[in-house]
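As a plain string of letters, each chain reads:
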Amino acid sequence: MTTHLSRRCVLALGAAGLATLAAPARAQDFAPGLLYAVGQKFDKSFNEGAFTGAERFKEATGVAYRDYLPASTAQFDQAVAALLRRGVTDLALIGFYYAAPLASLAPRHPAVRFTLVDAVVEAPNVQSVTFKEQEGSFLVGMLAAMASRTGTVGFIGALDIPLIRKFIAGFQQGARHARPDIGLLVNFVGTTPAAFNDPTTGAEVAKAQFQRGADVVFAGAGVSNFGIFAAAKDGGRLAIGVDSNQNHLYPGTILTSMLKRVDLAVERAFGEGRSGAWAPGPRALGLAERGVDYALDDNNRALVTPAMRDRLEEAREGIIRGRIRVADAS
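Residues numbered from 1 in each chain as written. Predicted model: local features only at pLDDT ≥ 70, side-chain atom pairs only at ≥ 80, totals over all residues. Heavy atoms only, no water.

Visitor: Teacher, can you tell me more about the domain arrangement of the protein here?
Guide: The parts lose accessible area when they come together, and the size of an interface is often stated as this lost area. Along its sequence, the protein is organised into domain 1 (32-131 + 263-289) and domain 2 (133-260 + 300-321). Using C-alpha coordinates to define each centre, domain 1 is positioned 27 Å away from domain 2. Each partner contributes to the interface: domain 1 provides 15 residues, whereas domain 2 provides 23 residues. Across the domain 1/domain 2 interface, buried area totals approximately 1500 Å², and carbon plus sulfur atoms make up 63% of it. It is K44, F131 and L287 that lose the most area in domain 1 upon contact with domain 2, and together they represent 43% of the buried surface on that side. A salt bridge links K260 to D118; its shortest N-O distance comes to 2.7 Å. Of the residues assigned to the side of domain 1 that touches domain 2, the class counts are seven nonpolar, five polar and three charged. (Domains from an automatic or database assignment. Contact = heavy atoms within 4.5 Å. Buried area = accessible area lost by both parts, 1.4 Å probe. Salt bridge = Lys/Arg side-chain N within 4 Å of Asp/Glu carboxyl O. Nonpolar A, V, L, I, M, F, W, Y, C, P; charged D, E, K, R; others polar.)

Visitor: In this structure, what is going on with the environment of I324? I would like to understand it.
Guide: When you line up the elements, I324 lands in the segment after α10 (306-321). In the structure, I324 is positioned 147 residues away from H177 in sequence and 9.9 Å away in space, judged by C-alpha atoms. Residues within four places of I324 in sequence aside, it is in contact with F138, H177, A315, G318 and I319. (Helix = DSSP H or I, 4+ residues; strand = E, 2+ residues; numbered from the N terminus.)

Visitor: Help me understand the pattern of salt bridges in this model?
Guide: Where side chains of opposite charge bring their charged atoms close, a pairing between them can arise. For the coordinates displayed, the defined rule picks out 16 salt bridges. For R321, the salt bridge goes to E317, with nearest N and O atoms at 2.6 Å. With R321 and E317 both in helix α10 and four residues apart, the pair spans about one turn of that helix. We classify E317 as partly exposed; its relative accessible area is 31%. Salt bridges sharing partners connect three or more residues here, namely R56, R261, D263 and E267. (Buried < 20%, exposed > 50% of the residue type's maximum accessible area, 1.4 Å probe, protein only.)

Visitor: Mind showing me how you'd approach the sheet that holds strand β8 (residues 216-220) here?
Guide: What holds strands together in a sheet is hydrogen bonding between their backbones, with the strands either parallel or antiparallel. Taken in spatial order, the six strands make up an open sheet running β7-β6-β8-β9-β10-β12, and their pairing is mixed. At either margin of the open sheet sits one strand with a lone partner, and together these are β7 (183-188) and β12 (292-294). Averaged over neighbouring strand pairs, the angle between their axes works out to 15° when direction is ignored. Across five bridges, the pairing between strand β9 (residues 238-243) and strand β10 (residues 254-260) is parallel. Note that in β10 the partner of D243 across the bridge is L259. Against the sheet, helix α8 (residues 225-235) makes contact with β6 (152-157), β8, β9 and β10, and its axis sits at roughly 160° relative to β9, the strand it touches most. (Pairing = 2+ DSSP bridges. Axes fitted to C-alpha atoms, helices over the stretch in contact; angles between N-to-C directions.)

Visitor: How should I be thinking about helix α5 (residues 133-147) in this particular structure?
Guide: Side chains that are three or four residues apart share a direction in an α-helix, a result of its 3.6 residues per turn. Across its 15 residues, α5 extends 21 Å between first and last C-alpha, which sits within 8% of the 21 Å expected from 1.5 Å per residue. Counting buried residues in α5 gives 14 out of 15 residues, a clear majority hidden from the surface. (Expected span 1.5 Å × (residues − 1).)

Visitor: Sorry if this is basic, but what is going on with the sheet that holds strand β3 (residues 90-94) here?
Guide: The strand order across the open sheet built from six strands is β2-β1-β3-β4-β5-β11, with neighbouring strands paired in parallel fashion. Looking along the sheet, the strands with just one partner apiece sit at the ends: β2 (66-68) and β11 (281-285). Adjacent strand axes in the sheet meet at a mean angle of 15° when their direction is disregarded. Where strand β1 (residues 32-35) meets β3, four bridges bridge the pair, whose relative direction is parallel. By the bridge assignment for β3, G33 is matched with L91. This element, helix α9 (residues 262-275), spans β1, β3, β4 (113-117), β5 (126-131) and β11 of the sheet and lies at about 165° to β3.

Visitor: What should I look at first to understand the nonpolar core in this one?
Guide: Most often, soluble globular proteins have nonpolar side chains that are buried together. Grouped together as the largest cluster of nonpolar side chains are 102 residues, with contacts concentrated most on L34, L35, L93, L102 and F114. With eight residues, the single largest contributor to this core is α5. Each of domain 1 (32-131 + 263-289) and domain 2 (133-260 + 300-321) gives at least three residues to this core. (Core = buried A, V, L, I, M, F, W, Y, C linked by side-chain atoms within 4.5 Å.)

Below, the structure is given as structure tokens:
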């Protein structure tokens, strides 16, 4: 019965025009949905962060959500159609590669509130949430340089794209801020989005960096991080996780994790959709907005000295206050 009511509401919204999007949503007008990035739902990283935010919203409100895990980016239209058939009115999409297909699809569904994470689409029914990855990466870059004994640190990204370049830019600036003479290595797992799901190659790239002298590597490669972490543990080196707190995966090996709060983006989008406060347009989350950070817990506390923490907190304040400017490689 609820599904039929939702369909009628969607049709009514469409007839009323885009102005309806700004009106407070009645309970029967609201049904959240989540389209994950290609990969694994429980990836201890990007997708799991989105899942965590959706689950937290459900627990707080009692409102269930629909979700879909695609096998490939080619399933975008199929995935969105399936979710909309299930009555979804507010859809969060996780992944930069959904930008182009969403730009074509969003005008055909003017009553649906789309929230795109990690890319920007300009449309009256799309909210685009991006992150200031360079700010969080600056802090973990500082920590990598301070923890390094060889004087060389590395970054391993999934593939060479503007999004990953933001991580690299911040990491390099932070490392040099802490230690101007630090050596920096940069390599990628692959050249297509499949590189986010290739732990075997991730391990090979990590081992190559270790052979070149790196003793701390920042892993920005999705599920491929699992291979990088394993190689770091086997080689007695340190690694830095990304997106979610990955410290617990290899306690004593993972120096810290650069947190990218996808969970907050999803939870906020659903909350604003339910309350009627949702609005289209771009939104960028950095240190000031608590959208990025570094992780400190019992799994890595012994690796991060009080002096290191003091320097990180001083830099955090400097970035938020504008005294330290972190370029994003654009």
